[in-house]
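Structure at a glance
For reference, the chains in residue letters:
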Amino acid sequence: MTFDGEKPVTTSYDLPVTEPLRALMRRGWGERESEIITAHESAPWSASRRASVSARFPGKRLLIPAGRFKVRNNDCDYTFRANSAFIHLTGMVAGDIVPESILLFEPTPTGHEVALFVHPKNDRNLESFYRDRRHGEFWVGRYLSLAEIKKKYQINARNIRELDEFILSKKETLVHRGEDPDLDNNIPAHEKDGELTVALSELRLKKDEFEIGEMRKAVQATIRGFADVVKSLPEAMAHPRGERVIDGTFYKRARTDGNELGYNTIAAAGAHACVLHWIRNDGPALSGDLLLLDAGVEVESHYTADITRTLPINGKFTAAQRTIYEIVLTAQEAGIRAVKPGAKYRDINNACMKVLAEGLSRIGVLPVSAEESIDPNVGVHRRWSVHASGHMLGIDVHDCAKARGEQYLDGELAVGHVLTVEPGLYIQPDDLLFPEEFRGIGIRIEDDVLVTEDGVEVLSRELPRDPDSIESWMASLLQ
Ligand code: GLY
Ligand code: MN
Ligand code: MN
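Notes on the structure in this doc start here. Along each chain, residue indices are assigned from 1 in the same order as the chain's sequence is written. Chain labels run from A onward and ligand labels from 1 onward, assigned in the order the entries are written. The predicted origin of the model limits local features to residues at a pLDDT of at least 70 and limits the giving and counting of side-chain atom pairs to 80 or more, whereas totals for whole chains, interfaces and linings rest on all residues. Processing note: side-chain calculations cover all non-hydrogen atoms of the structure and skip hydrogens and water entirely.

Examining the overall build of the chain
- From N to C terminus, the chain includes 15 helices and 17 strands.
- In summary, the chain has a C-alpha radius of gyration of 25 Å against a globular reference of 23 Å for 479 residues, a match within 12%.
- Expressed as lengths along the three principal axes of its C-alpha atoms, the size of the chain is roughly 80 × 50 × 40 Å.
- Buried residues are those whose accessible area, probed at 1.4 Å on protein chains only, stays under 20% of the maximum for their type, while exposed residues exceed 50% and partly exposed ones sit between those limits. Counting every position in the chain, which comprises 479 residues, the buried fraction comes to 54%.
- Contacts spanning at least 24 positions in sequence make up 72% of the contacts within the chain whose residues lie at least 6 apart.
- Here the Shrake-Rupley method, with its probe set to 1.4 Å, supplies the accessible areas, and only the displayed protein chains count as covering residues. Entry remark: accessible area of the chain is about 21,700 Å², with carbon and sulfur atoms responsible for 50%.
- In the chain, 59 side chains carry a positive charge and 74 a negative one; their mean positions are 3 Å apart. Strands here are runs of E lasting at least two residues and helices are runs of H or I lasting at least four, both read from the DSSP assignment and numbered beginning at the N terminus. The size measure is the radius of gyration over C-alpha atoms, and the globule rule it meets is 2.2 Å times the number of residues to the 0.38 power. Residues are treated as being in contact if the distance between any of their heavy atoms lies within 4.5 Å. Asp and Glu are treated as the negative residues and Lys and Arg as the positive ones, with His and the ends of the chain left uncounted. Charged side chains are reduced to one point each, which is NZ for Lys, CZ for Arg, CG for Asp and CD for Glu.

Dropping the structure here:
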């Protein structure tokens, strides 16, 4: 395997290095190891997750890469974000993960020895530390040393150059594929590679206590962003690209709190709300229209919230907007009531869809009865609601996506699952089946819920949901 760093990543416009400079750069550096690093709160939790993985794959060598840089253009990369299985098994926070790291489970007679192989970016004997614009300490900042990683994450950390010693010895090896092209190309495919990826996804279905704490932080950070957005609405209304004001306001809150976004913000004003993943966010935000804001903060530990509120931009719902809003709200309440341990995952979607179909039927737009429409072989109400009413949530916004159907879509809810409940109705501006006053209205209400022993806890309950509470909450922020 080859790893970047020994040959610095430079560009055509970098200045050459002279011999005297090269010689001077090799000496005169002090020790920078930090003494104050202590074990991170995630350490015991990720150790226990690693133990589950070890027990599930006895005798097999396992390789789980952090992932590589993704080029945006020429020599500029997207901000690095490690893959979620790696994050789950190391517990590392965003700034501490070194791109190209690889987590190795080496089988032993009693289980596995686990080691994290990390690029030695702080090695001052290498030119890369001052020349490498992708990895060098002079360019991207200092990384934790191997000793610091051991101390903070309680995991054996080694120089990635030593990984070959292991992977060149013949042993059945499974790779979590699709994250590191070099690893994928260097290790022959194994018929059980896919099983590893599925197991790592399913291991994330039930959140432990640490994870639930992080989800609560993500939700609270997101709520702060929603409040800031409400305060920014007068500025947004006065701006030709009001959606950008909203998008930027939410992002500013996430970034200044020390966080990231879990996905691109959807700041959809007016009929843009009918575009389910409207992330262009370049339209105006007009008084009298609604704003559908679907946004989630990803905290340092990488856990994200995923919340949607549909708000009247000028603070007051119109009668037509309220009519549609109330249907979606009732649908969401029915969906949330369906959440309890042992319930079928699909019950949530069914509960939401039944209420949506009944509401559409009352307005008189369904060509069949609500009862007929919710027959899975009919489903015509879905013209106005084509997405599912939720998904698992965690390190990924659409978490556990590689879990088998029987564990997820066709499975049962269990204590510790965290998911969204997010029904919506979207009446396209050119939908001639709806009376004119409803056209261009798009409403989604999305909350993040935890399955508990007693049923359900709505993690995002502090964010107002019913139209009256939304109006008074907005008024209180705007005075
Ligand atoms: N924000 C994407 C979703 O709600 O699934
Ligand atoms: Mn969602
Ligand atoms: Mn969402």
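Points about the environment of Thr318
- Within the secondary structure, Thr318 sits in the loop between β12 (307-312) and α12 (319-337).
- Relative accessible area serves as the criterion here: at 35%, Thr318 is assigned to the partly exposed category.
- Each C-alpha atom of the pair Thr318 and Glu437 lies 10.0 Å from the other, and the pair is 119 residues apart in sequence.

Examining the coordination of the manganese ion (ligand 3)
- Coordinating donors are taken as N, O and S atoms within 2.8 Å of the metal, stretched to 3.2 Å for Na, K and Ca; because water is absent from the atoms, sites can appear incomplete. At 2.0 to 2.3 Å from the manganese ion (ligand 3) lie its protein donor atoms, namely Asp294 (OD), Asp294 (OD), Asp306 (OD) and Glu446 (OE).
- The metal-metal distance between the manganese ion (ligand 3) and the manganese ion (ligand 2) is 3.3 Å, with Asp306 serving as a donor to both. Of this pair, Asp294 sits in strand β10 (residues 290-295) while Asp306 is found in the loop between β11 (297-298) and β12, placing the two residues 12 residues apart along the sequence.
- Under the relative-accessibility criterion, Asp294 is labelled buried at 5%.
- Owing to a relative accessible area of 3%, Asp306 belongs among the buried residues under this scheme.

Remarks on the sheet that holds β10
- What makes two strands pair is DSSP finding at least two bridges between them. Pairing is antiparallel in the open sheet, where three strands are placed in the order β9-β10-β12. At either end of the open sheet lies a strand with only one pairing partner, and these are β9 (266-269) and β12. Adjacent strand axes in the sheet meet at a mean angle of 10°, parallel and antiparallel pairs treated alike.
- Where β9 and β10 come together, four bridges link them in antiparallel fashion. Bridging across to β10, Ala269 finds its partner in Leu291. Between N-to-C directions, angles cover 0 to 180 degrees, with each direction set by a line fitted to C-alpha atoms, over the stretch in contact for helices.

Treat this as a map of the structure, not an account of what it does.
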